[in-house]
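Architecture at a glance
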Amino acid sequence: MDDLYKKEQEEELIINKAFQELLQVYLASKHRKKVEIITKAFNFAKQAHKGVRRRSGEPYIMHPIAVARIVCEEIGLGSTSICSALLHDVVEDTDYTVEDISNIFGPKIAQIVDGLTKISGGIFGDRASSQAENFKKLLLTMSEDIRVILIKMADRLHNMRTLGSMLPSKQYKIAGETLYIYAPLANRLGLNKIKTELEDLSFKYEHPETYQEIANKLQDTQLERSNVFENFIAPIREKLDSMGFSYRIEDRVKTPYSIWNKMQNKHIPFEEIYDILAVRIIFTPLSPEKELNECFDIYVSICKIYKSHPDRLRDWVSHPKANGYQALHVTLMSNQGEWIEVQIRSERMNDVAEHGFAAHWKYKEGGGSEDEGELDKWLHTIKEILDDPQPNAMDFLDTIKLNLFASEIFVFTPRGEIKTMPQNSTALDFAFSIHTFLGSHCIGAKVNHKLVPLSHPLKSGDQVEILTSKSQHVDASWLNFATTAKARTKIMAILRKEQRTAQKEGEELFNEFFAEMDLEPSSIDVEKLCKLHEVDNREELLAQIGSKKIVLGTDDLEVLKEKKPTTTSAWKKYLTFSFGSGKSKDKKMEETVSQLSSTNNIDKKKALKLTEDTIQNSYIIADCCKPIPGDDVLGFVDDKDRIIIHKRQCPIAVRLKSSYGNRLLAAEWDTHKKLFFPVNIYLQGIDGVGVLNSITEIISRQMNVNIHRLSFETNDGIFEGNIQLYVHDVEDVTTICTNLKRIEQINSVTRIEN
Ligand code: MN
């Protein structure tokens, strides 16, 4: 008893200390000092969560306190958000209701807590459709009050920071969700730091060993980078001092995640990534109104010290990114002959870059706001998309995600107004971005005064004039080159509307036809006509009749009068539906399926052991990514209850993670070099006599590995080759690559995805 009491006392101390730290951070911020209501929210939440613990064992209240601290310290929000963060799990996890919160803390906080409760379940459910539903909810609450999503982001960040105490299968789900939705959202909201941390944490949990490897290499090369940094900035300091600026210069080191990303995308090893170090100059403007000019002043003066790369000046000072990011990026050649990126920004710009645009956004409480910036426009677009219900959940997600991820280009209207568009936007997208009427009647465009088709992809700086015609109609083929969420939803909405009208007209014509023939239409008749005209269903048939693509006539009458029933086909359909593969001739296939469907006895809490036996008999190696022993993998239970093994970073697995998170299983290898698996290796080097010979010699003679396929191409003395081999595991691949690299002419050797 005594021990228990002591433990309680200790915890009480820890909790209070954490809260005091939160208050300290809040008091140091530039917000009004509303300590009283924050303390009230803390006490309320503490009492509500009393006796409950997190998986890690610590008292539950530590989580809301941590979230509130992120909200205040890292996103820069004020007391309303801090209170909401403290209370964010109360309605979800305890008996208190939103009304209770409203009575005690007022309607605003209650509304935010309500929004947070609505989206508390996480985005990813068991089905893609529930995922889309959840995501829609999230966007809807977000467009009502942006603070909801900001607090949610803090909640997610804290959960990611403490992910270690979750089950591995849960970790993949949460990490997958984070990479799929939250990191891009954080990016879109300008929460740069949070985005970077979310990505890095996801990576750490999905590929712990690779993460560690890269982190170690970063550590090992740190000293070298510091030297480069110090040497590089010394003359810059002198210059800035002489210009009278107060400033700081920081080194920005790429995170393991973005290094890994680059290694994957460019098929290069760590050693060949040259932009790990970047330099950031953050200055206080000599006068506020000269802020932008001074960015360029600094640029010009440092370009006198180092030569700049002609193609790599990025001006986000004159044209901020849609998420508010503002800075001047320039790449300079150091005295050691390395390109180094320098980012020039004012303190204000830096603040926006780290805390996000949203933190500076004026919250509209009733009255209008003077700040109708890019964020508002974006939220407005989201609202429009949400207002337009889309039948296909996955389409909706893809459309939204397209716009979350896309980086931006700037295009000009004929009158010189500037418009921000997602990268890869086409002339048609641009037309829809201005007005639905312009989009739906668009026949072409003039880009920089030259005539182009609707599908023409736009580039930054293009001036675009849209050409319309009253007789133009939206066509389904437009979906092939409409890339923005706005254009796609509008086009689909118009097509659906037209389809409905056509169906209605079709139904009238259909009924008239039957009445004239003195027939009573039955579902079998409909089936017969569908078959005759090769359409899938009744709706399609009616739509085609309505749009006069099908005209009912004598042929149809003949088919209808045929006694020989087309019903067999209907029966067959029924059979396959209700009995599945029960009538299948392929007995063997069926057996494997039943043998494999032993997922019921699987303990989700333990990782699947991938042994030689289970790989051959119980699990299926995914065809898309073909993992081999040693790869980071996960298991996925498919519709037929089979367990498919994917690489964790496989794009298909990423999608599965996000759509069917609860069907994931942790998996680890336990193999003993008996089975062979295919891998692809890519190499590049200088062509010369005997290179090919040395390669095959090493692989087949020295290593005794079977070459399955080999293709080489030489271009102006440089060769590139792809080799497919059968190996036991990742270790084999590493040894082969190391040995191949020893061949003098060979420049790089990497394993590639198929
Ligand atoms: Mn929470």
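For the coordinates displayed, the defined rule picks out zero disulfides. Of all cysteine sulfurs in the structure, the one in Cys624 sits closest to Cys650, which takes part in no disulfide; the separation is 3.6 Å. A relative accessible area of 4% means that Cys650 is categorised as buried.

Relative to strand β7 (residues 418–422), strand β6 (residues 408–412) runs antiparallel, the two being bridged by five bridges. Its bridge partner being in β7, Val411 is matched across the sheet by Lys419. As consecutive antiparallel partners, β6 and β7 are separated by five residues, and within that stretch Gly416 has a phi angle of approximately 85°, a positive value.

Ideal values differ by geometry: the angle at a metal is 109.5 degrees with four tetrahedral donors, but 90 or 180 degrees with six octahedral donors. Protein ligation of the manganese ion involves His63 (NE2), His88 (NE2), Asp89 (OD) and Asp155 (OD), the donor distances falling in the range 2.2 to 2.6 Å. Counting the intervening residues between successive donors of the manganese ion yields the motif H-x24-H-D-x65-D. His88 gets classed as buried once you look at its relative accessible area, which sits at 2%.

Pairing in this open sheet of three strands is antiparallel, and the strands run β9-β8-β10 from one edge to the other. Bordering the open sheet on either side are β9 (450–452) and β10 (464–468), each of which pairs with just one other strand. For this sheet, the mean angle separating the axes of adjacent strands, direction not counted, is 30°. Note: strand β8 (residues 442–447) against β10, five bridges, orientation antiparallel. Bridge pairing in β10 links Gly444 to Leu467. Docked against the sheet, helix α19 (residues 427–434) engages β8 and β10, running at close to 85° with respect to β10.

Moving on to the sheet that holds strand β18 (residues 718–727). Pairing within the open sheet is antiparallel, and its four strands lie in the order β17-β18-β16-β19. Each edge of the open sheet carries a strand with a single partner, namely β17 (706–715) and β19 (746–752). Between one strand and the next, the sheet's axes are offset by a mean angle of 15°, whatever the strand orientation. Two strands pair when backbone bridges link them, and strand β16 (residues 677–686) and β19 are joined in this way by six bridges, in the antiparallel orientation. For Asn680, the partnering residue across the bridge sits in β19 and is Ile752. The strands touched by helix α29 (residues 691–702) are β16, β17, β18 and β19; relative to β17, the strand with the most contacts, the crossing angle is about 160°.

The residue Arg156 is located in helix α9 (residues 146–161) in this model. Residue class for Arg156 comes out buried when judged on its relative accessible area of 7%. In terms of polar contacts, Arg156 uses its side chain to reach the side chain of Thr178, at 3.0 Å. Apart from residues no more than four positions distant in its own chain, Arg156 is found in contact with Ile174, Glu177, Thr178, Tyr182 and Leu198.

Attention now moves to α29. The terminal C-alpha atoms of α29 lie 15 Å apart, and with twelve residues this matches the ideal 16 Å at 1.5 Å per residue to within 8%. Turning to α29, its buried residues are Val691, Ile695, Ile698 and Ile699. Buried residues of α29 fall within an arc of 85° about the axis and therefore sit on the same side. Seen from the open side of α29, the exposed residues pointing more than 90 degrees away from its buried face are Asn693 and Arg701. Positive phi appears at Asn704, one or two residues downstream of α29, with a value of about 60°.

The subject of this paragraph is the nonpolar core. If you look at the biggest cluster of nonpolar residues, it comprises 66 residues, and the most contacted ones within it are Ile82, Leu86, Leu87, Ile101, Ile149 and Met153. Of the residues forming this core, the biggest block, nine residues, is contributed by α9. Among the nonpolar cores identified, the runner-up in size contains 33 residues, and Leu610, Ala667, Phe677 and Leu683 belong to it.

So, how was this worked out
- Residues numbered from 1 in each chain as written.
- Predicted model: local features only at pLDDT ≥ 70, side-chain atom pairs only at ≥ 80, totals over all residues.
- Heavy atoms only, no water.
- Disulfide = S-S within 2.5 Å.
- Buried < 20%, exposed > 50% of the residue type's maximum accessible area, 1.4 Å probe, protein only.
- Pairing = 2+ DSSP bridges.
- Helix = DSSP H or I, 4+ residues; strand = E, 2+ residues; numbered from the N terminus.
- Donors = N, O, S within 2.8 Å, 3.2 Å for Na, K, Ca; no water.
- Axes fitted to C-alpha atoms, helices over the stretch in contact; angles between N-to-C directions.
- Contact = heavy atoms within 4.5 Å.
- Polar contact = N/O pair within 3.5 Å; in protein donor to acceptor, adjacent residues only side chain to side chain.
- Expected span 1.5 Å × (residues − 1).
- Arc of directions from axis to C-beta.
- Core = buried A, V, L, I, M, F, W, Y, C linked by side-chain atoms within 4.5 Å.

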